[in-house]
Amino acid sequence: MRRRDFLGGSALAPLLLSYRGLGQTTAPQAPLPPLPAAGADGWISLLNGRDLSGWYSMLQRSGKGVAETKEMILMESGMVHILGNELVEGELVESGYLATNQEFGNVHIRVEYHWGMKNFAPRTLAKRDSGLLYGLVGEDRVWPSCVECQIEEGDVGDVYLLGGIQGMQDGHVTGLFGQGVSPNTGWPTPGSSAGRGGGGGGAPAGGAGAAAGRGGGGRGPGATPPPPGSPLPVPPGNRLIRDGDFENVNEWNVVEVIWQGDRALHLVNGRAVNSISRLQQADPQNPGQYVPLTRGKIALEIEYSEIWFRRVEVKSLV
């Protein structure tokens, strides 16, 4: 696809509400700063369509702020364009991410992406790869402590628990995630009719083993999970595999994360494909103990593949 044709075919522009780039808060006890004003539909665009205000980059070797100067990340035609640049002879691409200055919690996140044509060494022949990171906390490094909603050809919606973050995949014996979950209010109240729908909103299936199959569990379905604050089983490769492949590889795709408290649901083109509970991070005050992961930054991966994002937005869960 020619670059000019690609840009010309962008019928749906991103929302143009300005993101003010409010100051980052780091104290776990401090309240989250208020979000910028929402549009009539309740969505808040984190892209202003002009520049990368409110965002910063982090690269594995070069550190902060370098990806913009190298034009590895650009705002073009109102869209974030990652790795569309031409390399100088001998130059190597670095992995990293583009992160918000702002922290978020209890939000519905929505991004819309389209793959570009370029793949860079050492992944020239590999599947195209990116990701939506959320709950990013602590030190900026590659990779940081956060949850990743995988954006990779054939694997969109997988969960990666990065930098020591822990969580448990929800039970889905019938292959269904997200039953009873509302895009506006999140999980149903326990005991409500929606909460008794079975499957998707359900309790964790027993930890790491759930990554291997439906509702499975190294501890077995229905097993008692570890008590709050204690370590959870670590899934193989820190990965919890989605159920279903709803990506349109050559089209625009919508990925959503409904993140409420210490739970999150991943959706791909309107279909729930993964759900996790008991998200937690190491407690800096108590070594060996954990506290719920309920807030953090949002980021887009830089991962050796060209990709466009024409929408990155959040909506508060009421």
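Structure: above.
Definitions and limits used
Residues numbered from 1 in each chain as written. Predicted model: local features only at pLDDT ≥ 70, side-chain atom pairs only at ≥ 80, totals over all residues. Heavy atoms only, no water. Helix = DSSP H or I, 4+ residues; strand = E, 2+ residues; numbered from the N terminus. Buried < 20%, exposed > 50% of the residue type's maximum accessible area, 1.4 Å probe, protein only. Polar contact = N/O pair within 3.5 Å; in protein donor to acceptor, adjacent residues only side chain to side chain. Salt bridge = Lys/Arg side-chain N within 4 Å of Asp/Glu carboxyl O. Pairing = 2+ DSSP bridges. Core = buried A, V, L, I, M, F, W, Y, C linked by side-chain atoms within 4.5 Å. Contact = heavy atoms within 4.5 Å.

Caption draft 1: Geometry of the environment of Glu103. Tracing the backbone through its elements, the reader meets Glu103 in the loop between strand 6 (96–100) and strand 7 (107–119). Here Glu103 falls in the buried class, since its relative accessible area comes to 8%. Glu103 sits 34 residues away from Val137 along the chain, and the two C-alpha atoms are 8.7 Å apart. One polar contact links Glu103 to Arg295, side chain to side chain, over a distance of 3.1 Å.

Caption draft 2: Seen up close, the pattern of salt bridges. This model, assessed by the stated rule, comprises 19 salt bridges. In this structure, Glu86 engages Lys118 in a salt bridge whose closest nitrogen and oxygen atoms are separated by 2.9 Å. Pair noted here: Glu86 is in the loop between strand 5 (79–82) and strand 6 and Lys118 is in strand 7, with a separation of 32 residues, a long-range link. You can call Lys118 partly exposed: its relative accessible area is 21%. With its nearest N and O atoms 3.7 Å apart, the salt bridge here joins Asp155 to Arg242. Taken as a pair, Asp155 in the loop between strand 9 (145–152) and strand 10 (159–162) and Arg242 in the loop between strand 12 (239–240) and strand 13 (253–260) lie far apart in primary sequence, 87 residues in all. Connected through shared salt-bridge partners, Lys127, Glu152, Asp155, Asp158, Arg239 and Arg242 make up one network.

Caption draft 3: Structural context of the pairing of strand 10. Burial along strand 10 is two-sided: the residues Val159 and Leu161 and Tyr160 and Leu162 are all buried. With four bridges connecting them, strand 9 and strand 10 associate as antiparallel partners. Within strand 10, the position partnered with Cys149 by the bridge is Val159. Linking strand 9 to strand 10, which pair antiparallel, is a turn of six residues; within it Gly154 sits at a positive phi near 85 degrees.

Caption draft 4: Quick peek at the nonpolar core. Counting 51 residues, the largest nonpolar core has Val80, Ile82, Ile109, Leu132, Tyr134, Val147 and Phe309 as its most contacted members. Broken down by element, the residue count for this core peaks at five residues, all from strand 7. Apart from residues lying up to four places away in sequence, Leu132 is in contact with Ile109, Val111, Val147, Glu148, Cys149, Ile151, Val255, Val257, Ile298, Ala299 and Leu300. If you look at the next biggest cluster of nonpolar residues, it comprises 11 residues, including Tyr56, Met58, Leu136 and Tyr160.

Caption draft 5: Quick peek at the sheet that holds strand 17 (residues 297–302). Spatially, 3-2-6-17-8-9-10-12 is the arrangement adopted by the eight strands of the open sheet, whose pairing is antiparallel. The two strands at the open ends of the sheet, each matched to only one other strand, are strand 3 (63–64) and strand 12. Pairing analysis gives five bridges linking strand 2 (residues 55–59) to strand 6, with the strands arranged antiparallel. Following the sheet pairing, Leu59 is matched in strand 6 by Gly96.

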